[in-house]
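# Examination of the molecular architecture
Each chain, letter by letter, is given below.
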Amino acid sequence: MSVAPLITFKAGKCEVDESTGKVRPQPTPGYVYLYSEEDLMHFCWRPRSASLDEPEDDLIMFPSDGSFTPYQKKQVNGRIFVLKFSSSSQRHLYWLQSKSQSANGDPSHFSSRDLKIGQVVNSLLQGEEVDVQQAVAEMRSGHPPNDDDDATMEDVEGQGDGGAGPGATGGDIRDEGEGAREGGADGGRASGGAMDAQSIIQNFIRSMPGSAGGQGGQGQQQKLFTTLQDLLTSASTVAWVDAASESTVDEALQFLPPNLASLAKDDDDDSATTILDLNQKRDLIKRVLRSPQFSQSLASLTFALRDGGLPSIGEALNVPLQNGGYMRRGGVPLGGGEAVEAFLKGVQDLVKGDGDEDDKMETS
Amino acid sequence: MAEDAAGWSTIESDEGVFTALIEQLGVQDVQFEEIISLDAESIRALSPVYGVIFLFKYLSPTSTDRSKPQDGTYDTQTVEDDGLFFAAQTIQNACGTQAILSVILNNDTTSNPSSSGGDGSHDRIKIGPSLSEFKEFTTGFPSDLRGEALSNSQMIRETHNSFARSSPFADETQKDPTQLSDEVYHFIGYTTHHGKLFELDGLQPYPISHGYCTPESFPEKIIPVLQRRIERYPADEVRFNLMAVCGDLRKKAELFGDDSMLEREKRKRKAWEWENSLRRHNFVGFTGEVLKGVVAEMIKKGKYEGWVKEAEDSTRKKLEQRRSRGLAEEQLQE
């Protein structure tokens, strides 16, 4: 598999002194480049002397987790972009090493071409389809007058059909080994079943937005949303059971073990067929809803939804899901809070679509 | 499908689970009863008592001296000489079932009687054909081979796994993500055999003898042994679980003509059956029905948005609490 960068541009890294807030650009000439592998976007930086498959930074970016925007907070004497994550407070700063197009010699001035680079990268990070060729062509054609843009033609390379074009930015596109797939320390998705329970919980906590000490790229989705346990409170479920018709109650009982009815009765009637009246049926359901076994299963099911189980669970329950529960670009299931939200939305659609099973119509 | 000896799930340490487990293995008229207070009378009241199962958080041994245990003495001869059933533990998740079998299979109808000329009314356990076959098959095996045979026993493993928490994951051996603790818990069994009190711990090289003991004196003799065991842990460590392996208490109630006790025990059994039914049940379908119903109800009442918002707030709060605790723990570990 070859690393075929979607976009490459000259940039250097910056160090940020957290205590003083000082931004120190590193002099090493380098490239920022993005490539996509198995529907995951990689944000990379390498020194210009290194080859494509030896990046110093290789961050695996989940769609909409990262953003790439001009860094305009402090007095700086260069054009700096910041790569931020919604899942953690981590950020990386890069400075454009291409020739400044500023008319008045202001080194921190972002030209329209500079901004366009940022926009293209940002769009790619959002998971949007970007015609990079087109964008790069626009950058090249839209040069301001009086500017020598020879240097800039080399600065930005978009992916063409034949790989890098003339004046390509060095580094051959070779077949990459497994090594390039490894995210750096910052990247890497939390792996699934191999971890012990404690690590799973820790990663669960770390993957939540706003979680300090989280690693960039390890965050799954933006939204925390909620859990099935927190939605299906006893208040909400009891309200449903008490208002449900007998046919709805019977329908629900179909999904419980059949011997519960005889176990629920207080007397010693061990007969195989036990008839319960509507109130007894409701009580039985409420008893199940209160049970620790049911609560545990809700926690387990929530975890499964967050962890990539949305498509199969949706299918099992006939819940309509956009893209079948997969992300727009396909192949990867929705995860995290977004998956739970999508699931709930699907149930909502299903319920609305069923029309009025009860005798009352929807009131707004 | 290849048999994988590592395919053992975790099961709850619960009297109802363990009782149903042995019943499914074919054992008759035996149950588990949790011992709340550590005194001889409470244990004697459950007689016939075949042994106890002790569950505790596992600490790595403070001494690496394998020539003697921390308490008691290794008995290197009793397996060979007296036919004591002792198996080395090979699979962590199997250790509950292993401790249970170490008590049951030393008190069954094929076991050697105690040397004190014992109480004739002390019933031997009827273990049924499957376990009899297993015990016979492993007669004469050294402990490590017995352990292998146990962990490779499809019958025992499948019965054990049938009590694992039902999960939406197809692979039931995956660790339960809702379990917050990654601490390792260990089960050991205590029983009398051939006139001595034995501690049967699959992680020890040999059975450990704690001196002379008969089934009749077991309730008294076991107390100081357990107390010394508990004292090895920090004073605030309260996560122990002690269960007696005893005769079916319904039978005892019938024998004594104690109607209220019989009622109590019957109700307890019903509760166990209820819990076990729910434990084995896959709730995905039911959850779908409940969720549909609640969503419909919320929409009908115009409360949908508020309901979701309330749930989101609740989740956020819980997470903040957990995170501050979790990070604090992390920092302590560093």
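Whatever comes next refers back to the structure up there.
Throughout what follows, the structure given in this document is the object of discussion. Quick caveat, the model's predicted, so the values are computed rather than measured.

## Here's the deal with the side chain of Ser-209 of chain B
All names here are of chain B. If you trace the backbone, Ser-209 turns up in strand E6 (residues 208-212). Within the structure, Ser-209 has its side chain in polar contact with the backbone nitrogen of Gly-211 (distance 3.2 Å). The contacts of Ser-209, once residues within four sequence positions are left out, are Gly-72, Thr-73, Asp-75, Lys-196, Leu-197 and Phe-198.

## Observations concerning the sheet that holds strand E5 (residues 196-200) of chain B
Residue and element names in this part refer to chain B. What the 7 strands build is an open sheet, ordered E1-E7-E2-E4-E5-E6-E3; its pairing is antiparallel. Both edges of this open sheet fall to strand E1 (30-34) and strand E3 (73-74), since each of them pairs with a single strand only. Pairing geometry for strand E2 (residues 49-57) and strand E4 (residues 185-193), over 6 bridges, is antiparallel. Of the residues in E4, the one forming a bridge with Leu-55 is Phe-187.

## A closer look at the nonpolar core
Among the nonpolar cores identified, the biggest contains 52 residues, and Val-288, Phe-343 and Leu-344 of chain A together with Phe-286, Leu-291, Val-295 and Trp-307 of chain B are the most heavily contacted of them. No other element matches the 8 residues that helix H11 (residues 284-300) of chain B contributes to this core. Counting residues in hydrophobic clusters, the runner-up holds 37 residues, among them Ile-11, Phe-85, Ala-87 and Ile-100 of chain B.

## A word on the packing of helix H11 (residues 336-353) of chain A against H11 of chain B
Between H11 of chain A and H11 of chain B, the shortest axis-to-axis distance is 9 Å and the interhelical angle comes to 70°. As the angle between them shows, H11 of chain A and H11 of chain B are arranged roughly perpendicular. Contact residues: Phe-343, Leu-344, Val-347, Gln-348, Leu-350, Val-351 and Lys-352 of chain A in H11 of chain A; Leu-291, Lys-292, Val-295, Ala-296 and Ile-299 of chain B in H11 of chain B.

## Regarding the side chain of Thr-138 of chain B
For Thr-138 of chain B, the location among the structural elements is in the loop between helix H5 (128-137) and helix H6 (143-152). Using a relative accessible area of 0% as the deciding quantity, one classes Thr-138 of chain B as buried.

## What to know about the environment of Pro-55 of chain A
All names here are of chain A. Relative to the helices and strands, Pro-55 resides in the loop between strand E4 (40-47) and strand E5 (57-61). Given the relative accessible area of 22%, Pro-55 is considered partly exposed. Along the sequence, Pro-55 and Val-32 sit 23 residues apart, while their C-alpha atoms lie 9.3 Å from each other. Leaving out residues up to four positions away in the same chain, Pro-55 has contacts with Tyr-33, Cys-44, Trp-45 and Arg-46.

Thresholds applied
- Residues numbered from 1 in each chain as written.
- Chains lettered and ligands numbered in written order.
- Predicted model: local features only at pLDDT ≥ 70, side-chain atom pairs only at ≥ 80, totals over all residues.
- Heavy atoms only, no water.
- Helix = DSSP H or I, 4+ residues; strand = E, 2+ residues; numbered from the N terminus.
- Polar contact = N/O pair within 3.5 Å; in protein donor to acceptor, adjacent residues only side chain to side chain.
- Contact = heavy atoms within 4.5 Å.
- Pairing = 2+ DSSP bridges.
- Core = buried A, V, L, I, M, F, W, Y, C linked by side-chain atoms within 4.5 Å.
- Buried < 20%, exposed > 50% of the residue type's maximum accessible area, 1.4 Å probe, protein only.
- Axes fitted to C-alpha atoms, helices over the stretch in contact; angles between N-to-C directions.
- Parallel < 35°, antiparallel > 145°, perpendicular 65-115°, else oblique.

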